[in-house]
Amino acid sequence: MEKMKKTKKVLVVVDYQNDFVTGCLGFEKAVALEKPILDKIRQYKENNDEVVFTFDTHYDNYLETQEGKNLPVPHCLKDSPGWKLYGKVAELCEENDKCFHKETFGSIELVSYLSENKYDSVELIGLVSNICVLSNAILAKAALPEAEIIVDASCTASFDEALHQKALDVMEGMHIKIINDIL
């Protein structure tokens, strides 16, 4: 009898950083995500599946960048308190976990990593649904067109509920599986 191959899965925790939760760009729904995100990370780790983290990462010249000109709120400055992972999520990011520091919405380094490792399933959670989660989900779909790309709607949010729902709809239209969407 042939042994069944284990599905190669990875959980991508997108930008669950202090500045997006309680800092300068924080919002109430982001705080409420802590428990579901913790539960999801623990579930993956208990199943011996991989968990990786992205960090929105900016520098002192942020206001001179294209993003800074469009969103003139300095945030996630490298090594600042706002750049660090929020709450107990920080405790679950272990030394051996892969972390991607990205200067823009999507991470090319993450996409390369996903492509090299040929995952069967990539699940994305974190912040912000209509910006960095959306960007990285689309990049993951491009990198692994035959993999199942999943976004857990109960583990992501936006400061704008209408944009949040539109982002979920757009991703679903691109064959990204949206789970736990309450609408």
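Preceding block: the structure.
Residues numbered from 1 in each chain as written. Predicted model: local features only at pLDDT ≥ 70, side-chain atom pairs only at ≥ 80, totals over all residues. Heavy atoms only, no water.

Digging into the packing of aromatic side chains
- Following the criterion strictly, the structure yields 5 aromatic pairs and no others.
- An angle of 90° between the planes, with centres 5.7 Å apart, marks the rings of Tyr16 and Tyr86 as edge-to-face. Here the residue Tyr16 occupies a position in the loop between strand E1 (9-14) and helix H1 (18-21), and Tyr86 occupies one in the loop between helix H4 (66-70) and helix H5 (89-92), the gap between them amounting to 70 residues.
- Their ring planes at 40° and their centres at 6.4 Å tell us that Tyr113 and Tyr119 sit as a pair that is tilted.
- Its relative accessible area of 3% is what places Tyr119 among the buried residues.
- In textbook terms, an aromatic cluster arises when at least three aromatic residues are bridged by ring pairs, as seen for Phe100, Tyr113 and Tyr119.
- The aromatic ring of Tyr119 is capped on one face by Lys8, whose charged end is 5.3 Å from the ring centroid.
- The lysine or arginine in question, Lys9, covers the ring of Tyr44, its NZ or CZ lying 5.1 Å from the ring centre. (Phe/Tyr/Trp six-rings, centres within 6.5 Å; stacked < 30°, edge-to-face > 60°. Helix = DSSP H or I, 4+ residues; strand = E, 2+ residues; numbered from the N terminus. Buried < 20%, exposed > 50% of the residue type's maximum accessible area, 1.4 Å probe, protein only. Lys NZ or Arg CZ within 6 Å of the ring centre and 35° of its normal.)

Focus: the pairing of E1
- Most of E1 is tucked away: 5 of the 6 residues are buried.
- Note: E1 against strand E4 (residues 121-127), 6 bridges, orientation parallel. Bridge pairing links Val10 to Val122 in E4.
- Examined bridge by bridge, E1 and strand E2 (residues 50-56) share 5 bridges and lie parallel to one another. Directly across from Val14, in E2, lies its bridge partner Thr54. (Pairing = 2+ DSSP bridges.)

Quick notes on the side chain of His58
- As for its position among the elements, His58 is in the loop between E2 and H4.
- Reaching out from His58, the side chain makes a polar contact with the side chain of Asp56 at a distance of 3.0 Å.
- One polar contact links His58 to Glu67, side chain to side chain, over a distance of 3.4 Å.
- Each residue touching His58, except ones within four places of it in the same chain, is listed here: Glu67, His75, Cys76, Leu77, Lys78 and Glu103. (Polar contact = N/O pair within 3.5 Å; in protein donor to acceptor, adjacent residues only side chain to side chain. Contact = heavy atoms within 4.5 Å.)

Let's talk about the nonpolar core
- Within the largest apolar cluster, 28 residues are counted, with the highest numbers of intra-cluster contacts made by Leu114, Val122, Leu124, Val151 and Met171.
- Per-element accounting of this core gives the leading share, 6 residues, to helix H7 (residues 129-143).
- Beyond its immediate sequence surroundings of up to four residues, Met171 is in contact with Ser129, Val133, Leu134, Ala137, Val151, Ile176 and Ile178.
- Residues Tyr16, Phe55, Ile125 and Ala157 belong to the second largest nonpolar core, which totals 27 residues. (Core = buried A, V, L, I, M, F, W, Y, C linked by side-chain atoms within 4.5 Å.)

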